[in-house]
Amino acid sequence: MSVDSRHAHQSPPASKDPPDAPWWTTAVAYQVYPRSFADSDGDGVGDIRGIIEHLDHIAELGVDAIWLSPVYDSPHDDNGYDIRDYQRIDPLFGDLDDMDALISAIEDRGMRIIMDLVVNHTSDEHEWFVSSRSSRTSAHGDWYIWRDPRPGMRGGEPGAEPTNWGSFFSGSAWEYARERDQYYLHLYSRKQPDLNWESVEVRRAVYRMMTWWLDRGVDGFRMDVINFISKDQRFPDGPLTTTGYGDGRQYFQCGPRIHEFLAEMQREVFGDRTGAFLTVGEMPDVTVEQARAFTDRHTGQLSMVFQFEHMDLDHEGSKWAVRPTSVLDLKKSLGQWQADLGLDGWNSLYWSNHDQPRMVSRFGDAHGYWYSSATALATCLYLHRGTPFIYQGEELGMTNVPFKDISSFRDIESVNHYQDAISRGGDPRLVLSALRRTSRDNARTPMQWSTAPHAGFTTGEPWVPVNPNFGRINAQSQRHDPGSIYSFYKRLISLRHQEPALIDGDFSMLLEDHPHVYAYARETPTSAITVVANLGHVPVEVRGIDGEVILGNHPEPWAATHRSLAPWEVRVLRGRHTLSVRGAHGDVTP
Ligand code: TEU
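The following refers to the structure shown. Quick caveat: nothing in here was measured; it's all calculated off a predicted structure. (Residues numbered from 1 in each chain as written. Predicted model: local features only at pLDDT ≥ 70, side-chain atom pairs only at ≥ 80, totals over all residues. Heavy atoms only, no water.)

Our next topic: the sheet that holds strand β2 (residues 65–68). If you trace the eight strands from one edge of the open sheet to the other, you get β11-β10-β9-β5-β2-β1-β15-β14, paired in parallel fashion. Either end of the sheet is taken by a strand with one partner, and the two such strands are β11 (304–306) and β14 (348–350). When strand polarity is set aside, the average angle formed by the axes of neighbouring strands in this sheet is 25°. Where strand β9 (residues 220–223) meets strand β10 (residues 278–282), four bridges bridge the pair, whose relative direction is parallel. Bridging from a neighbouring strand, Phe221 pairs with Thr279 of β10. (Pairing = 2+ DSSP bridges. Helix = DSSP H or I, 4+ residues; strand = E, 2+ residues; numbered from the N terminus. Axes fitted to C-alpha atoms, helices over the stretch in contact; angles between N-to-C directions.)

Following this line, the structure appears as structure tokens:
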């Protein structure tokens, strides 16, 4: 391997970190999806009181911050990502008193809380939209993105939409409103109209609402599709896709005014307290260069972004056609992000969230090597440089769901895609089998607390059935078992907090060309850690892995006596190790 390629995945030295690095650079975060976390009142839907009752499950893991998916008032067309009132809690989840109680309970346990900020769009039932829709001259007339029908065509007529863009949830991204004889843009469902960020009044209203939440004691925001808020005002057609609609992303992904808007938000909302808050921008399709500009420690507008590159590696053209992710592709992608954000930017590190299938089913082996693959994958990613985000249930090794038929799905994206694919002649069995692997509902079944009915999630009928494997996979059986995935996550998080090399250390990928071994070193001038994992199904003999194992998923004395890595084995070693592997094709050296 050439020196150049070795350096391609090396981040620059870490010694440039300022001594007063913001709290979130050493933090581990945990995402709660309230609908599916814990139901305290038996209505079948998770709620805020349920979260409070189970806070110790999260606190004992050792995490520093909780990201709460939306709990705001909503008609729930997209499970709360369609907000009707930003300053009201949905009665399904509780009220503002419950929210205040949650904020204090989190603070009492030494943790922080990050709210979900969904301001690319609102619900069509938001009073702003109701007013905007009523007439062109209403008080909120220009708060949304309204365009006339195509010249020479009548509104509502097929093909009269202002552009050919498709919505992420199938169909056109435009909906006709007779009241104004115009179309409004909705990149997501037709009940999620996009706000017009060109309007200074919209921006002011959003900043006021954010400040109101900060004053209530929240510690930051996860910003939903925030890189879509600035649209190219020319609204051109996009290249046609297989759905029959155009792909408009190049006209709104990191659009012309995105940095200006986010800089304004930073100034108006956070002012000189910016470092005290965690801001993470969810950014589909963001490139590493763009992410570096957003997160630059001197000139950036956000603490970090959620990028999607590693989530898209298994897409064969679209998210509905999947192939397995290769370890080589993963190493290349994640290594590149480490290298390129290393010095001045900051990474978020995640395997899963409420939009992604379960990580052990997707990247690991949930059947043959459930424990080992879940723990190996977690160790590999969460000891990179950046801020880890764990999604509820991941710490238990929760898996994808054996959905029976289309009636078992709840998610608007899945349901719409199914109808759309079938109407275009798709084979229902094939469409269903793709959905089983990729549907967001895989992540949304209830938390598996115990072996009680419905996994202890609710005393009523859950809004979506629990995964039938809750008898085997649940918190009750794992919380006090030192050999559980939950206990492993505790050790992993504690290690991350203790070792300076894992916080500040630079990152160098090792054995870059090996198809199954994922290995890297983290180093500061005074300490080093080497992580080496076998993400494959056959043992691999790796030279250089002897020494002190500070964390491993095969208990001692296994590591002391075995020089080869078992399938899905991971070892975290003290010091910088020189590794080599003898493979079928000769030696692969670091
Ligand atoms: O998701 C943004 C997004 O584009 C995708 O991750 C989306 O989930 C979809 O799968 C694309 O195929 C965010 C939220 O996380 C998601 O839950 C919302 O549905 C969406 O925005 C709209 O608010």
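Here the narrative resumes.
Here we take up the packing of helix α6 (residues 200–215) against helix α7 (residues 258–270). Between α6 and α7, the least distance of the axes is 9 Å, while the angle of their chain directions is 40°. Viewed along their axes, α6 and α7 adopt a mutual orientation that is oblique. Two packed elements cross with a definite hand, and for α6 against α7 that hand is right-handed. Along the contact surface, α6 presents Arg203, Tyr207, Met210, Thr211 and Leu214, while α7 presents Phe261, Glu264, Met265, Glu268, Val269 and Phe270. (Parallel < 35°, antiparallel > 145°, perpendicular 65-115°, else oblique. Left-handed = near helix turned anticlockwise from the far one by under 90°. Contact = heavy atoms within 4.5 Å.)

A few words on the pairing of strand β19 (residues 540–543). On β19, burial follows the alternation: Val540 and Val542 on one face are buried, whereas Glu541 and Arg543 on the facing-out side are not. By the bridge criterion, two bridges tie β19 to strand β21 (residues 564–565) in an arrangement that is antiparallel. Looking at β21, one finds that Glu541 is bridged to Ser564. (Buried < 20%, exposed > 50% of the residue type's maximum accessible area, 1.4 Å probe, protein only.)

What follows covers the site of the ligand. Not every one of the 18 residues close to the ligand is listed here, only the nearest: Asp78, Tyr188, Asp355, Glu413 and Arg440. Between the ligand and Asp78, the relevant distance is 2.5 Å, taken from an oxygen atom to a side-chain nitrogen or oxygen of the residue. The separation between an oxygen atom of the ligand and a polar side-chain atom of Arg222 is 3.0 Å. In isolation the ligand offers 490 Å² of accessible surface; the protein chains occlude 92% of this area. Class assignment for the residues of the shell around the ligand results in six nonpolar, three polar and nine charged. (Near = heavy atom within 4 Å. Polar contact = N/O pair within 3.5 Å; in protein donor to acceptor, adjacent residues only side chain to side chain. Areas by Shrake-Rupley, 256 points an atom, 1.4 Å probe, with all protein chains shown as cover. Nonpolar A, V, L, I, M, F, W, Y, C, P; charged D, E, K, R; others polar.)

Over the atoms, a rolled probe matching the size of one water molecule traces out where space is still vacant. Applying the stated criterion to the full structure yields three cavities of 30 Å³ or more. As a volume, the largest cavity reaches approximately 60 Å³. Lining the largest cavity, in full, are Gln307, His310, Leu334, Trp337, Gln338, Asn347, Ser348, Leu349, Tyr350, Leu381 and His384. Put simply, the parts of the chain that give the lining of the largest cavity at least two residues each are α9 (327–341) and β14. Across the lining of the largest cavity, the residue classes break down as five nonpolar, six polar and no charged. (1 Å grid on protein atoms, 1.4 Å probe; cavity = no way out; pocket = protein on both sides within 12 Å on 5 of 7 lines; lining within 4 Å. Points joined across faces, edges and corners; volume = space filled by probe spheres on them.)

Here the focus is the side chain of Asn164. Within the element layout of this structure, Asn164 appears in the loop between β6 (146–147) and β7 (174–177). At 2.9 Å, the side chain of Asn164 and the backbone oxygen of Gly238 are in polar contact. In contact with Asn164, not counting residues within four places along its chain, are Arg150, Asp237, Gly238, Leu240, Tyr245 and Gly246.

What follows concerns the nonpolar core. Grouped together as the largest cluster of nonpolar side chains are 140 residues, with contacts concentrated most on Met99, Leu102, Met115, Met210 and Phe221. With residues up to four places along the chain from it excluded, the contact list for Met210 reads Leu117, Phe221, Met223, Met265, Val269 and Phe270. (Core = buried A, V, L, I, M, F, W, Y, C linked by side-chain atoms within 4.5 Å.)

On to helix α15 (residues 485–498). Taking 1.5 Å of rise per residue, the 14 residues of α15 would be expected to cover 20 Å, and the 20 Å separating its terminal C-alpha atoms lies within 8% of that figure. For α15, the set of buried residues is Ile485, Tyr486, Ser487, Phe488, Tyr489, Leu492, Ile493, Leu495 and Arg496. (Expected span 1.5 Å × (residues − 1).)

This paragraph deals with the pattern of salt bridges. All told, the structure shown has 40 salt bridges when counted by the stated rule. With a shortest N-O distance of 2.7 Å, Arg109 and Asp56 are connected by a salt bridge. You can see Arg109 sitting in the loop between α4 (96–108) and β5 (112–117) and its partner Asp56 sitting in helix α3 (residues 55–59), a full 53 residues away along the chain. A relative accessible area of 35% means that Asp56 is categorised as partly exposed. Two residues, Glu569 and Arg571, come together in a salt bridge whose shortest N-O distance is 2.7 Å. Like Arg571, Glu569 is buried. A cluster of three or more residues bridged by salt bridges with shared partners is formed by Asp78, Lys319, Asp355, Asp411, Glu413, Arg440 and Arg444. (Salt bridge = Lys/Arg side-chain N within 4 Å of Asp/Glu carboxyl O.)

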